[in-house]
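The primary structure of each chain is shown beneath.
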Amino acid sequence: MEKDQAQNQAEAVDETEAAEAGPESEHETTEEVDNFQEDQQELTKLLEDARAKADDHWDQLMRTRAELENFRKRNQRDLENAHKFALEKFSMDLLQVWDSLELGHQAAQDELVDVDKLREGTELTLKLLVDVMQKHGIEQVDPDGEPFNPEFHQAMSIQERDDVAPNTVVAVVQKGYLLNSRLLRPAMVMVSKAGSGAAIDEEA
C-alpha cells in the first residue's frame, strides 16, 4: 500500500510540474515564431533592396552601353567625313588658281591679245599657286647650284665640269616637292663631276 501511495504521489508531482511548465514552453514557442517571421521579413526586405539595386545597375549599364555605341558611331562618322573632306580647305584655296588659269586661257584665245599682259597674268597665277602651296605646307625643291643630296635629289645624268666643285647640281630638269618637310617628289637633276671622272658621292 505504501508503495502505491508513493507512486501516486510521484505521478501527481510530475503532472503538477508539467502543468506549471506548459505555459512557459508555449510562450517560448510563440517568441520563436515571431522571431522567425521578423527574420523572414528582414530577409525579404534585403532581397527587395538588392533586386532594386541590381535593376538600377542594369539600367545604368544599358545606358552606358548605348552612350558608348553612339560615341563609336559618331567617331566613325567623323572619321569618314575627315577622309572625304580632308582636302576641302586646300581645294577651296586652289579654286582661285583654277579661276585665274581659265581667265588666262580665255584671254589667250584672242588673236589681238597683248603678250606682255598675258605673261604678266601667267606670272600672277603662278605666284598665287605658290602661295596656296606654301600655305598648305608644300615647298619646292630647286637645288640648282647646291651640293647633290640623294635624300631629296635624283641624278639624271653626270657632267664633267671644271668650273664647279664635284657633286654639285648644275641643272634642275624637274623640281621636287616637300609636304611638311617630307619628300613628295625628288628633284630630277644633273650633277657635276671632276674631269678625272670621280663618281658622285652618294653619301653626300
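Each remark here, short or long, concerns the structure printed above.
Residues numbered from 1 in each chain as written. Predicted model: local features only at pLDDT ≥ 70, side-chain atom pairs only at ≥ 80, totals over all residues. Heavy atoms only, no water.

Asks: Account for the overall build of the protein, with residues named and values stated.
Replies: Summing up its helical and strand segments, the protein has 3 helices and 6 strands in all. Ordered by position from the N terminus, the helices and strands of the protein form the series α-α-α-β-β-β-β-β-β. Among the 204 residues that make up the protein, the fraction classed as buried is 11%. At a minimum sequence separation of 6, the contacts of the protein that also span at least 24 residues come to 66%. Summing over all exposed atoms, the protein offers an accessible surface of approximately 16,500 Å²; the carbon and sulfur share of this is 53%. (Helix = DSSP H or I, 4+ residues; strand = E, 2+ residues; numbered from the N terminus. Buried < 20%, exposed > 50% of the residue type's maximum accessible area, 1.4 Å probe, protein only. Contact = heavy atoms within 4.5 Å. Areas by Shrake-Rupley, 256 points an atom, 1.4 Å probe, with all protein chains shown as cover.)

Asks: Go over the pattern of salt bridges with me, naming the residues and quoting the values.
Replies: Counted under the stated rule, the structure contains 7 salt bridges. Residue Lys135 pairs with Asp93 through a salt bridge whose shortest N-O separation is 3.2 Å. Separated by 42 residues along the polypeptide, Lys135 in helix H3 (residues 115-135) and Asp93 in helix H2 (residues 88-108) bring together distant segments of the chain. Take Lys135: its relative accessible area is 53%, and that puts it in the exposed class. For Asp93, a relative accessible area of 11% corresponds to the buried category. Residue Asp116 pairs with Arg119 through a salt bridge whose shortest N-O separation is 3.0 Å. Note that Asp116 and Arg119 are positioned in helix H3 at a spacing of 3 residues, about one turn of the helix. When its relative accessible area of 54% is taken as the criterion, Asp116 is described as exposed. Residue classification places Arg119 among the partly exposed positions, given a relative accessible area of 44%. (Salt bridge = Lys/Arg side-chain N within 4 Å of Asp/Glu carboxyl O.)

Asks: Pulling in residues and values, what's your account of unusual backbone geometry?
Replies: With a phi close to 70 degrees, Asn167 is a non-glycine residue in the positive phi region. Positionally, Asn167 belongs in the loop between strand S2 (153-160) and strand S3 (169-174). Of note, the phi angle at Asn180 is positive, near 50 degrees, even though the residue is not glycine. For Asn180, the position within the fold is in the loop between strand S4 (176-179) and strand S5 (182-185).

Asks: A description of H2 should follow, citing residues and the corresponding values.
Replies: The first and last C-alpha atoms of H2 sit 30 Å apart over 21 residues, in line with the 30 Å expected at 1.5 Å per residue. Among all positions of H2, only Phe90, Asp93 and Val97 are buried. As for H2, its buried residues are in contact with H3 and strand S1 (138-141). (Expected span 1.5 Å × (residues − 1).)

Asks: Tell me what's going on with the sheet that holds S2, and back it up with residues and numbers.
Replies: The strands making up a sheet associate through hydrogen bonds between their backbones, and the pairing can be parallel or antiparallel. Pairing is mixed in the open sheet, where 3 strands are placed in the order S2-S6-S3. Both edges of this open sheet fall to S2 and S3, since each of them pairs with a single strand only. Sheet twist, expressed as the mean angle between neighbouring strand axes with direction ignored, is 25 degrees. Pairing geometry for S2 and strand S6 (residues 187-193), over 7 bridges, is parallel. What sits directly across from Gln154, in S6, is Met188. (Pairing = 2+ DSSP bridges. Axes fitted to C-alpha atoms, helices over the stretch in contact; angles between N-to-C directions.)

Asks: Could you give an account of the sheet that holds S5, naming the residues involved and the relevant values?
Replies: On the basis of which strands lie adjacent, the open sheet formed by 3 strands has the order S1-S4-S5 and antiparallel pairing. Of all strands in the sheet, those bounded by a partner on one side alone are S1 and S5. When strand polarity is set aside, the average angle formed by the axes of neighbouring strands in this sheet is 35 degrees. Alignment of S4 against S5, held across 3 bridges, turns out to be antiparallel. Note that in S5 the partner of Leu179 across the bridge is Arg182.

Asks: Would you mind going over the side chain of Thr125 in detail, with residue names and values included?
Replies: Tracing the backbone through its elements, the reader meets Thr125 in helix H3. Judged by relative accessible area, which is 6%, Thr125 ranks as buried. Apart from the residues within four sequence positions on either side, Thr125 is in contact with Val97, Ser100 and Leu101.

Function cannot be inferred from these measures alone, as they are strictly geometric.
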